[in-house]
Each structure stands twice: as structure tokens, then as C-alpha cells.
Amino acid sequence: MQDTPSINKTRTAYRICPVCEATCGLRFDIDADDKIVAIRGNDGDVLSQGYICPKGVAVRELHEDPDRLRQPLIRRGGNLEPASWEEAFAEIEKRLLPIREEFGPQAVGIYLGNPTAHKAGLSLAVPALIRSIGTSNIFSASTLDQMPKQVACGLMYGHPGAIAVPDIDRTDFLLILGGNPMVSNGSLWTVPDYRGRARKLRDRGGRIIVVDPKRTETAKQADQHIPISPGTDVFLLLALANTLFAENLVNLKHLESHVENLEQIEDIVAPYTPESVSTATDIAAIEIRQLARDLAAADKAAVYGRIGTSVTEFGTTASWLVDVLNILTGNLDRPGGVMWASPAAFGITKRRGGSKFRIGRRHSRVSHAPEVMGEYPAVCLAEEIETPGEGQIRALVTVAGNPALSAPNGARLSRAFDQLDFMVSLDIYLNETTRHADVVLPGASPLEEFHFPMNFQRLSARNSLRFSPALFSPSEDQLEEWEIASRIAHIMAGQNNSEIVQQVDDKNMLKRIETLTVPGAALEGKDPQKILAALEPRHGPERQIDFAIRMGPEGDKFGLEPDGLTLDKLVNNPNGVDLGALRECLEEIVGTPSGKIEMAPEPIVQDLPRVSGALEEIASRVSGDSGAATLTMIGRRNVRTNNSWMHNLPLLAKGKFKGALQVHPSDAHNRTLEDGDIARLSNDRGSLEVVIELSEDMKPGVVCLPHGFGHVFDDTNLRVASNQPGVNSNQLADDGKYDPLSGTAVLNGIPVSLAAL
Ligand SMILES: Nc1nc2c(c(=O)[nH]1)N[C@H]1C(S)=C(S)[C@@H](COP(=O)(O)OP(=O)(O)OC[C@H]3O[C@@H](n4cnc5c(=O)[nH]c(N)nc54)[C@H](O)[C@@H]3O)O[C@H]1N2
Ligand SMILES: Nc1nc2c(c(=O)[nH]1)N[C@H]1C(S)=C(S)[C@@H](COP(=O)(O)OP(=O)(O)OC[C@H]3O[C@@H](n4cnc5c(=O)[nH]c(N)nc54)[C@H](O)[C@@H]3O)O[C@H]1N2
Ligand code: SF4
Ligand SMILES: [Mo]
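What you are looking at is a predicted structure, and each value in this text was computed from that prediction instead of being measured.

Here we come to the site of ligand 2. Every one of the 30 residues lining ligand 2 counts as a neighbour, but Asp212, Gly231, Asp233, Arg637 and Thr641 are closest to it. Measuring from an oxygen atom of ligand 2, one finds a backbone N or O atom of Asn180 at 2.8 Å. The contact in question runs from an oxygen atom of ligand 2 to an N or O atom on the backbone of Ile307, over 3.2 Å. Its free accessible area being 910 Å², ligand 2 has 97% of it covered by the protein chains. Secondary-structure elements contributing two or more residues to the shell around ligand 2 are helix H7 (181–184) and helix H14 (307–310). In terms of residues, the shell around ligand 2 owes the most to one element, H7, which gives three residues. Counted by class, the shell around ligand 2 contains ten nonpolar, 14 polar and six charged residues.

By the secondary structure assignment, Leu124 is in helix H5 (residues 120–133). In this structure, the C-alpha to C-alpha distance between Leu124 and Asn497, residues 373 residues apart in sequence, is 21 Å. Setting aside anything within four residues of it in sequence, one finds Leu124 in contact with Phe346, Met454, Pro541, Gln544 and Ile545.

Looking now at the sheet that holds strand E6 (residues 79–82). Judged by pairing direction, the sheet is mixed, and its seven strands sit side by side in the order E6-E5-E18-E17-E16-E7-E8 without closing on themselves. Two strands in the sheet have a free side with no partner beyond their single neighbour: E6 and strand E8 (138–140). Looking at each pair of strands side by side, their axes are set apart by 20° on average, direction ignored. Direction of pairing for strand E7 (residues 108–112) relative to strand E16 (residues 395–399): parallel, over a ladder of five bridges. In the strand pairing of E16, Val108 is matched with Ala395. Relative to the sheet, helix H3 (residues 85–103) contacts strand E5 (73–76), E7, E16, strand E17 (422–426) and strand E18 (439–441), its axis offset from that of E18 by approximately 125°. Along the sheet, H5 makes contact with E7, E8, E16 and E17, crossing E7 at roughly 165°.

This brings us to the packing of helix H10 (residues 233–246) against helix H13 (residues 285–297). When two helices pack together, their arrangement is given by the angle between the helix axes and the distance between those axes. Taken N-terminus to C-terminus, the directions of H10 and H13 make an angle of 65°; their axes are 9 Å apart at the nearest point. Considering the relative orientation of H10 and H13, their crossing is right-handed. Of the residues in H13, those in contact with Leu236, Ala239, Leu240, Thr243 and Leu244 of H10 are Ile288, Arg289, Leu291, Ala292 and Ala296.

Among all positions in helix H11 (residues 262–269), only Leu262, Ile265, Ile268 and Val269 are buried. All buried residues of H11 fall inside an arc of 105° around its axis, so they share one side. Summarising the geometry of H11, the exposed residues directed more than 90 degrees from the buried face are Glu263 and Asp267.

A few words now on the site of ligand 3. Taken together, Cys17, Val19, Cys20, Ala22, Thr23, Cys24, Ile52, Cys53, Lys55, Gly56 and Asn185 make up the full set of residues near ligand 3. The class makeup of the residues in the shell around ligand 3 is seven nonpolar, three polar and one charged.

Before going further, it helps to spend a moment on the sheet that holds strand E14 (residues 301–305). Across a sheet, strands are paired by hydrogen bonds formed along the backbone, either parallel or antiparallel in direction. With respect to topology, four strands assemble into an open sheet ordered E12-E11-E10-E14, the strand pairing being parallel. Strands at the two margins of the open sheet, each flanked by one partner only, are strand E12 (224–226) and E14. Each strand of the sheet is rotated relative to its neighbour by a mean of 15°, with strand direction disregarded. Each of strand E10 (173–177) and strand E11 (207–211) touches H10; the most contacted strand, E10, lies at about 145° to it. Packing of helix H15 (residues 315–328) onto the sheet brings it into contact with E10 and E14, and relative to E14 it is tilted by some 175°.

One ladder, built from five bridges, connects strand E3 (residues 25–30) with strand E4 (residues 36–41); its direction is antiparallel. Across the sheet, residue Leu26 finds its bridge partner in E4, namely Gly41. Connecting the antiparallel pair E3 and E4 is a turn made up of five residues, with Asp34 showing a positive phi of about 65°.

Okay, the nonpolar core next. Membership of the largest hydrophobic core comes to 97 residues, with the highest contact counts inside it found for Tyr157, Tyr194, Ile327, Leu332, Trp340 and Ile597. With ten residues, the top contributor of residues to this core is H10. In this structure Ile597 touches Met156, Tyr157, His258, Val259, Glu260, Ile327, Leu332, Leu586 and Val590, once residues within four positions along its chain are discounted. Formed by 49 residues, the second largest nonpolar core is a distinct cluster that contains Leu413, Ala437, Val440 and Leu673.

Moving on to the environment of Lys569. Checked against the element boundaries, Lys569 lands in helix H23 (residues 567–571). Its relative accessible area of 32% is what places Lys569 among the partly exposed residues. Sequence-wise, Lys569 and Phe467 are 102 residues apart; in three dimensions their C-alpha atoms are separated by 9.7 Å. In this view, Lys569 contacts Pro562, Asp563 and Gly564; residues no more than four positions away in its chain are not counted.

For the rest of this paragraph, the subject is the pattern of salt bridges. Within the structure shown, the criterion is met by 47 salt bridges. The salt bridge involving Glu91 is made with Arg95; its shortest N-O contact spans 3.4 Å. Placement of both Glu91 and Arg95 in helix H3 is noted, with a separation of four residues, approximately one turn of the helix. Across the pair Arg543 and Asp506 runs a salt bridge whose closest N-O atoms are separated by 2.7 Å. In this pair, Arg543 sits in helix H22 (residues 540–551) while Asp506 sits in helix H20 (residues 499–517), placing the two residues 37 residues apart along the sequence. Residue classification places Arg543 among the buried positions, given a relative accessible area of 2%.

Okay, unusual backbone geometry next. What is expected of a backbone is that most residues other than glycine have negative phi and most peptide bonds are trans. Across the junction of Glu536 and Pro537, the peptide omega takes the value 0°, indicating a cis bond. Secondary-structure assignment places Pro537 in the loop between helix H21 (528–534) and H22. Positive phi is not limited to glycine here, since Asp282 has a value of about 65°. The topology assignment puts Asp282 in the loop between helix H12 (274–281) and H13. Judged by its relative accessible area of 47%, Asp282 is partly exposed.

The next subject is the packing of aromatic side chains. Taken as a whole and judged by the stated rule, the model has eleven aromatic pairs. With a centroid separation of 4.7 Å and 55° between ring planes, the pair formed by Trp189 and Tyr304 is classed as tilted. Taken together, the residues Trp189 in the loop between H7 and helix H8 (194–203) and Tyr304 in strand E14 connect sequence positions 115 residues apart. For Trp189, a relative accessible area of 0% puts it in the buried group. Given a relative accessible area of 6%, Tyr304 falls into the buried group. Linked through ring pairs, Phe346, Phe450, Phe452 and Phe467 together constitute an aromatic cluster.

A few words on the side chain of Thr434. Of note, Thr434 is situated in the loop between E17 and E18. A distance of 2.7 Å separates a polar side-chain atom of Thr434 from the backbone nitrogen of Asn431. Contact partners of Thr434, with chain neighbours within four places excluded, come to Leu80, Ser425, Asp427, Tyr429 and Val440.

What follows covers the pairing of E11. In summary, the side chains of a regular strand alternate between the two faces of the sheet. Where burial is concerned, most of E11 is hidden: four out of the five residues are buried. Across five bridges, the pairing between E10 and E11 is parallel. Counterpart to Leu175 in the pairing with E11 is Ile209. Sheet topology places E11 next to E12; three bridges connect them, and they run parallel. Across the sheet, residue Val210 finds its bridge partner in E12, namely His225.

Conventions and cut-offs
Residues numbered from 1 in each chain as written. Chains lettered and ligands numbered in written order. Predicted model: local features only at pLDDT ≥ 70, side-chain atom pairs only at ≥ 80, totals over all residues. Heavy atoms only, no water. Near = heavy atom within 4 Å. Polar contact = N/O pair within 3.5 Å; in protein donor to acceptor, adjacent residues only side chain to side chain. Areas by Shrake-Rupley, 256 points an atom, 1.4 Å probe, with all protein chains shown as cover. Helix = DSSP H or I, 4+ residues; strand = E, 2+ residues; numbered from the N terminus. Nonpolar A, V, L, I, M, F, W, Y, C, P; charged D, E, K, R; others polar. Contact = heavy atoms within 4.5 Å. Pairing = 2+ DSSP bridges. Axes fitted to C-alpha atoms, helices over the stretch in contact; angles between N-to-C directions. Left-handed = near helix turned anticlockwise from the far one by under 90°. Buried < 20%, exposed > 50% of the residue type's maximum accessible area, 1.4 Å probe, protein only. Arc of directions from axis to C-beta. Core = buried A, V, L, I, M, F, W, Y, C linked by side-chain atoms within 4.5 Å. Salt bridge = Lys/Arg side-chain N within 4 Å of Asp/Glu carboxyl O. Phe/Tyr/Trp six-rings, centres within 6.5 Å; stacked < 30°, edge-to-face > 60°.

Take a look at the structure:
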């Protein structure tokens, strides 16, 4: 049974944490008045086995937060005021539709934020919303985050979702570049309890090496820390590959017959000897060589790169090289190496004959930035709003995003938002971004909606299937987020009425079923209406999920596999179903036209002169010794934060201020700064007053300021967060800079100077 009542009239329920990629199982104790008494880790959860972090406990405060929006807001006379849902939809019909009618679909932009990927309901509803608007002015947090990895994997394997993860439970050697899973709890890598799994790795004699400008929590728990100069991983990775070839350590093992253009790699990396990159990376040549030898010597090894390697000028190239190293050492698709997860629903289906992953099929209007995965770089959003002409963005829809803080130059973006004719935000808070909206539409509490880690089973360190129904019923007039998104989609299609959402949902489901009941398909001969009836009473995304599970590799195929999985079985199994360790599946995944792994994708090869140019430029800068006063800024995460939006929860906000600038004591003392001082941090983009926190963990010359702060605006409603507002670090990031292969912003390795006030 899912919920167990006990004698003192409290019930215990098990749900998946909706906050981060770790998707931990939570155990809720709930009293007779439906109040949450306690949240703990669920020991029985097949994936997280009891692990929990403070944010999981804080889900209760998120649910109860009086500042969280519970009603739509409409701007009237300059102020955002509570309104009914029908009023809000009427306003959208009245104001958004005419903009598209008059100026065309490109006049409506859309920005998708990070939680869109965490909520299956939104993930499934957003594509129809985009289609209904018809715009190609699509932006998202992907180009502030993981797009480089997706481009690299798209080019190499044929699918941007073909991201392999370290098989941490079986590896002997884990090399982490620019990731801090002890704090982030893993990213592009669903690995709840990284700490415990890492400890076991070391207990069985394995090693962990962390490359990071800061001696992070993850580095401290590792065997070796290599403090690299920010933004230079691409050079280190090239030199590691160079060493593997130079010392005859390349050994593809089982991958030998699966790769294309391997020879090119040897030529590409030939110039990048460890000596040639040593100055730029600030890592001794001998240390680079040793690292390459250790990697090659390990029986089972995994190389993993995250934010530190991603949000840089060479994010795609660095992300590609991570996979190149895994392949050169024969560690891809091998137990203990890096492996692809095999989800029981919504997995990767490769096309017959393969498909070529392309970038730059279109270009943005103002600065001709290439389209990547149907999007333009988030750093181009402001200019597309500001610049007059055909195709100018005049209206914007934001979905679960806070680009005013998360993207470079929030001040410019904010001015641009104010210039819009209309802005609508789907969001649960009135914050730095949504304060600019004309209509704000709140989703329910995360505990009032189902949760299904749809996008993260593909990135999981172990195969499993889990689902949580809503823990509490939402208030009667609260809409689920998929309904809100669908409703807007229908308004854009000229049909503003509440019934249409369900009708079209039924119609689409039936169409989906019918594709599988035709001759030769999996449900050949079955009556589509009967299948539809078998999915009752579910509707919307939950019905789609049930269908995907039942038709997936473990599914019951509507009776053809009676022991197979259904959503009902999962609901009755709140601990989830364990589907075992990761398994070899290369042939199911690699879907390039050649059917092989493309080792040297053309766009990456063509961009390599930019890499060598940058290396030369760094060398000349260092020998000229200019800019001695300049520091380099990186970001960080804290276990009690989640990007910009959990600072309003007292449990997470308490304790030491989390938004200080961490500085190595030597850099601080050079500037007569002490711990706790206020100082000026500036560059040609702007200037911030920051609190100084001395930290021996910093690499000298590098300072560290987290993003997501800057809760300083009177017209937001974040009463707890605004007590410790902090500053917006992205005010110093350059919105004119991005990785041209992925459109991803440069958010790390930002030149700054620091002075006492
Ligand atoms: N300098 C610097 N900048 C960075 C980063 C960095 O490392 N350094 N990291 C980047 C990364 S990795 C990311 S992913 C981006 C994030 O960029 P964004 O996604 O733009 O920003 P978030 O802070 O995650 O904001 C999430 C928004 O979703 C809302 N929200 C939360 N839950 C829900 C929900 O259930 N429904 C709806 N509708 N809304 C919800 C929140 O109120 C908030 O407004 O930031 C990037 N910015
Ligand atoms: N507690 C918490 N957890 C989170 C989040 C959060 O805000 N708080 N955000 C979530 C999101 S959206 C994401 S994308 C993930 C991110 O997950 P991670 O990437 O694991 O998280 P970060 O802490 O950003 O780690 C990036 C590391 O890169 C280092 N770094 C910076 N520049 C460089 C460089 O040039 N080279 C190298 N090698 N290292 C560098 C930084 O010092 C930092 O330790 O975390 C997720 N989990
Ligand atoms: S690690 Fe992530 S999923 Fe797990 S409890 Fe913390 S916030 Fe939730
Ligand atoms: Mo992210």
C-alpha cells in the first residue's frame, strides 16, 4: 500500500523529492490535519536508499511558504494583483494573441527555466505550447548549463540525450572535472548519495581525482586535487589525450570496431603536449602525464565533466574531449566505466538509417548566433527584445525560469522585459523575473502534483523506475501546470475555453495509441478504444506516462506481458522498482548515419583553431605579465541553495550568509582585505559590493561568488530571501560571449578586480 495509517492518526507516505536531479526518495510523516510532521530519507527507496539533503527536508517549507503564489496575478494600473484563472486567460487572449496576429509568431519569445526539466507535466506540455505559438525565438537555461554536453553527444552518438554517466558503483578510478557532486548531488548524473558511493569506491581500493580551481567538498573527499586555472580544461584534456597517444596508451578494447575517424584525433591532439598547456592550466607537465598514465592503467575508469567544463568558451570541445578520453581508454559502455542508462520509459529511440545531429540550421536575427536544438543562446534574449525590425520579440512567455538572475547581465534583461508589450510567466514566486510580467500563473505546490523523474532516468547511475502521485489534493480551483501550459497553447490556437484541454488530451492519446495498433506495430489488432479505456481514469501527463511505461521495455503491453510494469504497479510500490546495474547498450544508442561513434565531428574540428589561438593568447599574456591585479571569478553551489529560488525557505536561509566572495588569504591581504570586509568587485561589465570570506580552499588568483543572489527589488515577494539579498554575480558576466558550438554562456572564469572600498 502506498500510504500506511498508524495508531496516532498520522500517516506515512513516500514520495520522490522534486528539487534536484538526485531525485531522492522522501518519507513524510503526516498528521490527521494533513500537516507534515517530519520529512526523512526513505530507506527503502531503490535508488537513494535513505539519502536526503537539507533541501529535501525544506520541501515542507516550500509547500507551506506563504510567499509562494497560489493565485494568478494580473498587472492592473502598474501593480500585479490577484485574479481568477479565467480572468488571467482572458487577459492572455486579449493581449498576447493580437501581438502574434499583427507581428507574426517570431514576435513572441519563450524562455524555459531549469524546473521545466524537473516537472514531467511541464516537460510533456511545453512542446505543444511552443508549436502553438509557432515561434523559433526559443531560449532556455540549457544555454546557461548543459548544452555543450548535448551538442558533443549529439555529434558523436547521433542523439543529444545520449549522455553516458560514470558507473560509480563499479569503477576503480573516477576523474571529475568542474563538478562538485558532494554539494550539487550530481548533475547530468542522477547519483543520490554521491558521498556514500564515493566512499565505497575508495574503500574498495579505487581512486577519485578532482580537477577544480577550488578545493571543494568533493576535492577534499578525493585522493587527489588538481587546482586548474579556470577556463582551461580544454587544454588539459587535449594534453591528456596527447599523452595517451604519445605513450602508446590508447586501448579502445571492445570499442575498436565502433569508432569512425580515430586517426584524426591523434593529429588533432599532437600539438598539445603537456608542456605546451602547463602554463595555461597551471598544472605541471609531469603531473598531466602521470594523470594520463593513471587513467590508462586503471582497470575500470570514468571521466566526468560538469558545470566547470561546460559554461566556458570551449564548453562543447571540453565536453567532447571528456568522452574522447573515455573512448581512448576503452571505458565507454563498459561496467565500471561510463555507461548509458536504460530507462523503462522515455528512453532514446534511434532512427532507422541513423540521423545526423545538426547545429546552426537557422541563425538568430540580431547577432546571427546559431540555433542549437531549436534554441538560440540565452545571452541573445535581451538584444532580440531591444532591437527593432521584423522579427523583434514584443511578447515573452517565461516558464519556470529566472533569467534576471541566472543569465548574464540581468540589469539589461530587466530593462528589456520592461520594454515588452506583454509578458506572461508560469512561476511559483513573484521574483526578479516575474515582477516584470503582466500575468503570472502559478503551478501547484510540488506536493500537490505527481512527480516522475522522466528526464533523469536517462542519466541515472542505476536503472530504476519510480513514480509519486500527488501527496495532497490541490485546492479546488488550482490547475496543474500541464493544464496551464495547454490552455495557453489553445488560446494561441484561437480556442480559449476550459473544456478543450481535456478534449484534445483525449484525442491526442487516442492518436498515439492508434499508431501502435496498426498492422506490424506492437499492439496490432487491439482495439484503440479499449486501450484508452484501460488507461482510465488517468488523463494528461500521468496517462502518457502510464502508456509509455506499459509500452516500454519493462511494460505489460496491455496484457501481452502480464508480469510487466504499469503505473498502477509503481504507485503501489512507493520504493520504486530496481532495474539493476547499468548495462551495455551501445548498439541501441549510437544512431549516427555511419552507425559508428563519430570521434572527430566536423563542427568541433573546424572550431579547433579557436582553441589553439586561445592557448597562444594566454601564453603571450602570461609572458607579458600584464593584468597582474586581475583575478578570475568562478561560481559555486551550496547544499542549502538551489540556483536562485530556494532562498526564501527559512530552513535553508538560516546560518552563515551564503553569498560572500571567497578569496584566498594571499589575494585578500594584498588588497588589505580581511574576513567580513565589504569590498568592490568589478570589471568592464559592472561593479558589485561584496562581503569577503577568506578561504584557503581557493586557488590564489581565483575568487568565488555564487549565482542566484541579488534579491533586492521592492516589487518582488520574497520576504525571507530579501533579508540576505546578496548580489547578482552574473552582472559581471559578459553577455556578448558564448561557446559558438552550443550557444552556451561563459559563466565561469570571468576576469574581475577586487579592491577595498
Ligand atoms: N554565474 C552562474 N550563473 C548560472 C549558473 C552558474 O553556475 N553560474 N548556473 C546556471 C544553471 S546550471 C542553470 S540550470 C540556470 C538556471 O536558470 P533558471 O532556470 O532561469 O533559474 P532558476 O534560478 O533555476 O529559476 C527557476 C525558476 O522556476 C521557478 N519554479 C520553481 N519551481 C517551479 C515549479 O514547480 N513550477 C514553475 N512554474 N516554476 C517553478 C522559480 O520560482 C524560479 O523563478 O542558471 C545558470 N546560471
Ligand atoms: N545544492 C545545490 N545543488 C544543485 C544546484 C544548486 O544550486 N544548489 N543546482 C543544480 C544545477 S541546475 C546544476 S546544473 C548542478 C551543477 O552541478 P555541479 O557542476 O556539480 O555543481 P557546481 O557546484 O557548479 O560545480 C562546478 C565546479 O566547477 C568548478 N569550476 C569553475 N570553473 C572551473 C573550470 O574552469 N574548470 C574546472 N575544472 N572547474 C571549474 C567550481 O569550482 C565548482 O566546484 O547542480 C544542481 N544541484
Ligand atoms: S539531494 Fe536533491 S533530490 Fe535529494 S533530497 Fe536533496 S534536493 Fe532532494
Ligand atoms: Mo543547471
